[in-house]
Amino acid sequence: MRDTLVLNASFEPLSTVTLNRAVVLVLQDKAVVEHAHPGLRMRAADVVLPVPRVIRLCRYVRVPFRRRAPWSRRGVLVRDRHRCAYCGRRATTVDHVVPRSQGGADSWLNTVASCALDNHRKADRTPEQAGMPLLREPFEPTPADAMLLTLGREDLEALPDWLSQPAA
């Protein structure tokens, strides 16, 4: 699981990596630990290293400008924190607000997380036609917010205050 956030040298979120990859970057002096799991240490023959939660690259990496976060089913579920937009229960599917058969697209603003029961009940109708109001409106996360949302809720809450929190 990717549970370590990687920041650029300018403190912008770049990606998430596995714990092993984060440790390799730190040991190769390509990154420094900005925030660690409290009280946890990794030990080797000559090295004691805090278990990194957030690392920052030592050199700036130029990233092509990203205007929008790429849409994906997994991204919608993560954005909505796996909660159904119709009833609030655990969501396992993605529902199109305007169904694809009526011209709805696979986009951030037209998809919401949904439980299988509500997805089936809504079927091929809009929420208004089905009488199923949305509990919260879908939104398009920024690329940085999408990156932070990929971290689990516990990891997100444990991040330092200086790191901007997503707008959800």
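In case you missed it, the structure is sitting above this.
Residues numbered from 1 in each chain as written. Predicted model: local features only at pLDDT ≥ 70, side-chain atom pairs only at ≥ 80, totals over all residues. Heavy atoms only, no water.

Q: Looking at this structure, how should I read the overall build of the protein chain?
A: Helices and strands together make up the secondary structure of the protein chain, namely six helices and six strands. Going from the N terminus to the C terminus, the protein chain shows its helices and strands as β-β-α-β-β-α-β-β-α-α-α-α. Buried positions account for 42% of the 168 residues belonging to the protein chain. Sequence-distant contacts in the protein chain: of pairs separated by 6 or more residues, those separated by 24 or more amount to 58%. When the accessible area of the protein chain is evaluated, it comes to approximately 10000 Å², of which 53% is carbon and sulfur surface. (Helix = DSSP H or I, 4+ residues; strand = E, 2+ residues; numbered from the N terminus. Buried < 20%, exposed > 50% of the residue type's maximum accessible area, 1.4 Å probe, protein only. Contact = heavy atoms within 4.5 Å. Areas by Shrake-Rupley, 256 points an atom, 1.4 Å probe, with all protein chains shown as cover.)

Q: Just checking my understanding: could you explain the nonpolar core for this structure?
A: Soluble, globular proteins show a tendency: their nonpolar side chains are buried together. Counting residues in hydrophobic clusters, the biggest one holds 11 residues: Val6, Leu14, Val17, Ala22, Val23, Leu25, Val26, Ala31, Leu49, Ile55 and Leu57. Broken down by secondary-structure element, the contributors of at least two residues to this core are strand 2 (13-17), helix 1 (19-27) and strand 4 (48-57). Ranked by size, the runner-up nonpolar core spans nine residues in total, among them Ala85, Cys115, Met132 and Leu134. (Core = buried A, V, L, I, M, F, W, Y, C linked by side-chain atoms within 4.5 Å.)

Q: Before we go on, may I ask you to explain helix 1 in this structure?
A: Each α-helix winds once per 3.6 residues, and so residues spaced three or four apart point in a common direction. Among the residues making up helix 1, those that are buried are Ala22, Val23, Leu25 and Val26. For helix 1, the angular spread of the buried residues around the axis is 160 degrees, confining them to a single face. In this fold, the buried residues of helix 1 make contact with strand 1 (4-7), strand 2, strand 3 (31-43) and strand 4. Once helix 1 ends, the next one or two residues include Asp29, with phi positive near 60 degrees. (Arc of directions from axis to C-beta.)

Q: So what exactly am I meant to see when it comes to the sheet that holds strand 1 here?
A: Sheets are built from strands paired through backbone hydrogen bonds, the pairs being either parallel or antiparallel. Spatially, four strands are ordered 2-1-4-3 in an open sheet, and the strand pairing comes out mixed. Of all strands in the sheet, those bounded by a partner on one side alone are strand 2 and strand 3. In this sheet, neighbouring strand axes are inclined to one another by 35 degrees on average, regardless of whether the strands run parallel or antiparallel. The pairing of strand 1 with strand 2 spans four bridges and is classified as antiparallel. Within strand 2, the position partnered with Leu5 by the bridge is Thr16. The sheet contacts of helix 1 involve strand 1, strand 2, strand 3 and strand 4, and relative to strand 4 the element is tilted by about 90 degrees. (Pairing = 2+ DSSP bridges. Axes fitted to C-alpha atoms, helices over the stretch in contact; angles between N-to-C directions.)

Q: Help me understand the pairing of strand 3, please; the structure alone is not making it clear to me.
A: Every other side chain in a regular strand lies on the same face of the sheet, so the side chains alternate between the two faces. Where strand 3 and strand 4 come together, eight bridges link them in antiparallel fashion. What sits directly across from Arg41, in strand 4, is Pro50.

Q: Please explain the packing of aromatic side chains as it appears in this structure.
A: Centre-to-centre distance and the angle between the planes together describe a pair of aromatic rings. Evaluation of the coordinates by the stated rule reveals zero aromatic pairs. Note that Arg79 overlies the ring of Phe139, its terminal NZ or CZ placed 5.5 Å from the centroid. (Phe/Tyr/Trp six-rings, centres within 6.5 Å; stacked < 30°, edge-to-face > 60°. Lys NZ or Arg CZ within 6 Å of the ring centre and 35° of its normal.)

Q: How should the pattern of salt bridges be read in this particular structure?
A: Side-chain pairs of opposite charge can arise whenever the charged atoms involved come near each other. Across all of its chains, the model carries five salt bridges by this definition. Taking the shortest distance from any N to any O, the salt bridge between Arg79 and Asp80 comes out at 2.9 Å. Residue Arg79 shares its accessibility class with Asp80, and that shared class is buried. (Salt bridge = Lys/Arg side-chain N within 4 Å of Asp/Glu carboxyl O.)

Q: What is the right way to read the side chain of Asn110 from this model?
A: As for its position among the elements, Asn110 is in the loop between strand 5 (93-96) and strand 6 (111-114). Relative accessible area serves as the criterion here: at 8%, Asn110 is assigned to the buried category. At a separation of 2.8 Å, a polar atom in the side chain of Asn110 contacts the main-chain amide nitrogen of Val98. A polar contact of 2.9 Å, which involves the side chain of Asn110, links it to the backbone oxygen of Ala105. (Polar contact = N/O pair within 3.5 Å; in protein donor to acceptor, adjacent residues only side chain to side chain.)

All we've got here are geometric facts, nothing functional implied.
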